[in-house]
Amino acid sequence: NTPANAPKGHARQLRFISLGFGSSMMVSPESSSAVPHLSAGIPALNCTPVFIVGCSRSGTTLLRLMLDSHPSLAIPDESHFITELHRGWLGARRSPASTLERVLVHSRFLRWGLDPAEVRRMAAVTRPSSYGEVMRTVFAAYAATRGKPRWGDKTPSYIAHIPLLAELFPGA
């Protein structure tokens, strides 16, 4: 089931679950979109993420809370930084370390209550080399601190950025 506003060419990569009231949840038909060089000892690094996108006031927060209550899935508050910081990555700031530091001071990240030192420790192990790997490391750190092997994101405005999400997180 693909919504009318889903970008063409991504219907094979993404499956949408209609939630009614203009909301959708992207889920993957596969169980993993592993990044080979990331540490296999941290399950959340090699999971297929779940993205909840949709219209404001359509029930995405309720869905996030329900999914986050599952013992295997961690979904923090809206991030917004995946797309916001990607613009800088395309410019002169292509450093994974610099990008990570920009995430760690982002107002939306700070709302998560996650200790930046935990994310830095994980990044020291995983040594992300791309923008997507930096983001995967941040979310995996969030999931790991909650003892969950899988992560997701609920940012409704990402509905307009599905091609970017598909590029950064193949299989999601």
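Look up a bit, the structure's there.
A brief report on the enclosed structure follows.

The rules behind each value
Here, residues in each chain are numbered from 1, in the same order as that chain's written sequence. Thresholds applied to this predicted model are a pLDDT of at least 70 for local features of residues and 80 or more for the giving and counting of side-chain atom pairs; totals over whole chains, interfaces and linings are not thresholded and use all residues. The side-chain values count all of the structure's non-hydrogen atoms but skip hydrogen atoms and water molecules. A 1.4 Å probe rolled over the protein chains alone gives each residue an accessible area, and that area as a share of the maximum for its type sets the label: buried under 20%, exposed over 50%, partly exposed in between. Put simply, DSSP marks the helices as runs of H or I at least four residues long and the strands as runs of E at least two long, and each gets a number from the N terminus on. Each C-beta atom gives one direction from the helix axis, and the arc is the one those directions make. Put simply, a nonpolar core is a bunch of buried Ala, Val, Leu, Ile, Met, Phe, Trp, Tyr and Cys residues held in one set by side-chain atoms that sit within 4.5 Å of each other. What makes two residues a contact is simply this: any of their non-hydrogen atoms within 4.5 Å.

1. Observations regarding helix α1 (residues 60–68)
Then comes step 1: Every buried residue belonging to α1 is among Thr-60, Leu-63, Arg-64 and Asp-68, and all of these are buried. Down the axis of α1, the sector holding all buried residues measures 125 degrees, keeping them to one side.

2. Brief notes about the nonpolar core
Then comes step 1: Judged by nonpolar contacts, the single largest core of 38 residues is most densely connected at Phe-81, Ile-82, Phe-109 and Phe-169.
Then comes step 2: Those elements that place two or more of their residues in this core are β3 (50–54), α2 (81–90), α3 (96–104), α5 (116–126), α6 (131–145) and α7 (162–168).
Then comes step 3: Of the residues forming this core, the biggest block, 9 residues, is contributed by α6.
Then comes step 4: Apart from residues lying up to four places away in sequence, Phe-169 is in contact with Pro-49, Phe-51, Ile-82, Gly-132, Met-135, Arg-136 and Trp-151.
Then comes step 5: Residues Val-50, Leu-63, Leu-73 and Ile-75 belong to the second largest nonpolar core, which totals 5 residues.

3. A few points about α2
Then comes step 1: Of all 10 residues in α2, 7 are buried; the element is thus mostly enclosed.
Then comes step 2: The complete set of buried residues in α2 reads Phe-81, Ile-82, Thr-83, Leu-85, His-86, Gly-88 and Trp-89.
Then comes step 3: At its buried positions, α2 is contacted by β3, α3, α4 (107–110), α6, β5 (150–154) and α7.

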